[in-house]
Amino acid sequence: MADCLFCKIIGKEIPAEIVFEDDRAVAFKDIHPIAPLHVLVVPREHIPTTNEVDDSNCALVGHIFEVAAQVARKAGFAESGYRCILNTNRDAGQEVFHVHMHVLGGKRLGPMLSR
Ligand code: AMP
Ligand code: ZN
């Protein structure tokens, strides 16, 4: 996707601090971290939102979870805990329309679900 920021990071047209990559996914540090560990894991394939996850790409999206766990393990937070977040569309505050998993850790993150 020509106009996609994360496709440009994947294509190395825009620099990012890449912490992991393989043939299906890339993980890089969020430019505005909100925790000591704040990494974004993206599929190499351009999928705009989780609404476009289907039979054809769900194995790839599942791989994102595997990479997130590896990133957390490598950072030393697999046992202490970490949080994975996927924002979809306006009400969730999605800013970049290329599916990405936020992996947050290294501090007590507090309750997520306020009622
Ligand atoms: P979201 O709101 O879920 O779409 O999250 C987008 C995330 O991308 C935000 O946390 C931004 O800080 C992050 N971000 C934006 N531009 C860059 C960039 N060039 N490199 C790394 N992270 C970025
Ligand atoms: Zn993209």
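Note that the structure is predicted; figures quoted are calculated from it, not measured.

1. Focus: the coordination of the zinc ion (ligand 2)
Working step 1: At the metal site, the zinc ion (ligand 2) is ligated by Cys4 (SG), Cys7 (SG), His46 (ND1) and His98 (ND1), and these contacts range over 2.0 to 2.3 Å.
Working step 2: Taken together, the four donor atoms surrounding the zinc ion (ligand 2) define angles of 106 to 116° at the centre, an arrangement classified as tetrahedral.
Working step 3: All donors to the zinc ion (ligand 2) come from one chain, and their sequence spacing reads C-x2-C-x38-H-x51-H. Within this pair, whereas Cys4 is found in the segment before helix H1 (5-10), its partner His98 is found in the loop between helix H3 (89-92) and strand S5 (101-105), the two being separated by 94 residues in sequence.

2. Comments concerning the side chain of His38
Working step 1: Tracing the backbone shows His38 in strand S3 (residues 37-43).
Working step 2: Engagement of the side chain of His38 in a polar contact is seen with the backbone nitrogen of Ile34, the distance being 3.1 Å.
Working step 3: Within the structure, His38 has its side chain in polar contact with the side chain of His102 (distance 2.9 Å).

3. Let's talk about the site of ligand 1
Working step 1: Around ligand 1, a shell composed of 16 residues is seen, among which Asp30, Asn87, Glu95, His100 and His102 lie nearest.
Working step 2: Ile31 has a polar backbone atom sitting 3.1 Å from a nitrogen atom of ligand 1.
Working step 3: In this structure, His100 approaches ligand 1 through a side-chain N or O atom, which is 2.7 Å from an oxygen atom.
Working step 4: Burial of ligand 1 by the protein amounts to 86% of the accessible area it has alone, namely 510 Å².
Working step 5: Counting atoms within 2 Å of the grid points, the majority share of ligand 1 lands in the largest pocket.
Working step 6: Listing elements by their share of the shell around ligand 1, those giving two or more residues are H1 and strand S2 (25-29).

4. Observations regarding the environment of His38
Working step 1: Residue His38 is classed as buried on the basis of its relative accessible area, which comes to 7%.
Working step 2: Note: C-alpha distance between His38 and Leu60 (22 residues apart in sequence) is 21 Å.
Working step 3: Residues within four places of His38 in sequence aside, it is in contact with Phe28, Lys29, Asp30, His32, Pro33, His102, Val103 and Leu104.

5. A look at the layout of surface pockets
Working step 1: There is about 510 Å³ of room inside the largest pocket.
Working step 2: Every residue lining the largest pocket is counted, 24 residues in all, and those nearest its centre are Asp30, Ile31, Leu40, Glu95 and His102.
Working step 3: Elements with a minimum of two residues in the lining of the largest pocket: H1, S2, S3 and S5.
Working step 4: If one sorts the elements of the lining of the largest pocket by residue count, H1 sits on top with three residues.
Working step 5: A per-class count over the lining of the largest pocket returns 13 nonpolar, seven polar and four charged.

6. Here's the deal with the packing of aromatic side chains
Working step 1: Taken as a whole and judged by the stated rule, the model has one aromatic pair.
Working step 2: Measuring from ring centre to ring centre gives 5.3 Å for Phe6 and Phe28, while their planes differ by 75°; the resulting arrangement is edge-to-face. A residue pair is termed long-range when its members are at least 10 positions apart, and Phe6 in helix H1 and Phe28 in strand S2 qualify at 22 residues. Both residues of the pair, Phe6 and Phe28, count as buried.

Conventions and cut-offs
Residues numbered from 1 in each chain as written. Chains lettered and ligands numbered in written order. Predicted model: local features only at pLDDT ≥ 70, side-chain atom pairs only at ≥ 80, totals over all residues. Heavy atoms only, no water. Donors = N, O, S within 2.8 Å, 3.2 Å for Na, K, Ca; no water. Tetrahedral: all angles 85-135°; square planar, octahedral: opposite > 155°, others 65-115°. Helix = DSSP H or I, 4+ residues; strand = E, 2+ residues; numbered from the N terminus. Polar contact = N/O pair within 3.5 Å; in protein donor to acceptor, adjacent residues only side chain to side chain. Near = heavy atom within 4 Å. Areas by Shrake-Rupley, 256 points an atom, 1.4 Å probe, with all protein chains shown as cover. 1 Å grid on protein atoms, 1.4 Å probe; cavity = no way out; pocket = protein on both sides within 12 Å on 5 of 7 lines; lining within 4 Å. Sits in = over half its atoms within 2 Å of the grid points. Buried < 20%, exposed > 50% of the residue type's maximum accessible area, 1.4 Å probe, protein only. Contact = heavy atoms within 4.5 Å. Points joined across faces, edges and corners; volume = space filled by probe spheres on them. Nonpolar A, V, L, I, M, F, W, Y, C, P; charged D, E, K, R; others polar. Phe/Tyr/Trp six-rings, centres within 6.5 Å; stacked < 30°, edge-to-face > 60°.

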